[in-house]
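# Structural features, examined
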Amino acid sequence: LIEKYGTTVVSEVSESGLFRSKLKEGCELLSINGHKVTSPRSFIRMMKDFTGQIVIMASSDPSPPGAKFIVVKKSFEFVGDKDEEQDISFQKLNGILRVEGIKEAGIFAET
C-alpha cells in the first residue's frame, strides 16, 4: 500500500494473497465496514481489529487530486430509477447511482 494525494492506493497484489481476485494494482481503498481508510497504516490497523465479515469499498482507479470520498451513514430504500422523497435525491443512469440534488432544508444541506 502507498499513500498518494492523501489516499491509500494498492501498490502490489500478491498472487497468493487474500484479495488477489478482488483488488488490482492502482485501486484506491476507500472504507472498511463503513469506516473511512485514512492511510495505509489505518487500513492495516482496521484489518487487524475487525472480526467476522469484512466489507471493503475500493475504486478501480485512484481519485484525481482534490477529489474527496465521504461516508454518509443514513439508510433508505432506493426504488426504481429515481428517488425524490429523501433530503438528497439520486438518479440511476446506466447502472450508476449519482447525486442529482440536495434539498436546501435537508440534513445534507451543509455537506
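Quick summary incoming for the structure in this document. (Residues numbered from 1 in each chain as written. Predicted model: local features only at pLDDT ≥ 70, side-chain atom pairs only at ≥ 80, totals over all residues. Heavy atoms only, no water.)

With that settled, the discussion passes to the nonpolar core. Nonpolar side chains tend toward joint burial in soluble globular proteins. With eight residues, the main nonpolar core is built from Val10, Leu23, Cys27, Leu29, Ile32, Val37, Phe43 and Met46. Elements with a minimum of two residues in this core: strand E3 (28–32) and helix H1 (40–49). The contact partners of Met46, leaving out residues within four places of it in the chain, are Ile32, His35, Lys36 and Val37. (Core = buried A, V, L, I, M, F, W, Y, C linked by side-chain atoms within 4.5 Å. Buried < 20%, exposed > 50% of the residue type's maximum accessible area, 1.4 Å probe, protein only. Helix = DSSP H or I, 4+ residues; strand = E, 2+ residues; numbered from the N terminus. Contact = heavy atoms within 4.5 Å.)

Its location among the elements puts Leu30 in strand E3. The buried category is assigned to Leu30, whose relative accessible area is 10%. For the pair Leu30 and Phe43, spaced 13 residues apart in sequence, the C-alpha to C-alpha distance is 9.3 Å.

Across the five residues of E3, five count as buried, placing the element largely inside the fold. Pairing analysis gives two bridges linking strand E2 (residues 7–9) to E3, with the strands arranged antiparallel. Looking at the pairing, Val9 lines up with Glu28 of E3. With four bridges joining them, E3 and strand E5 (residues 56–59) adopt antiparallel strand pairing. Within E5, the residue paired with Glu28 across the bridge is Ser59. (Pairing = 2+ DSSP bridges.)

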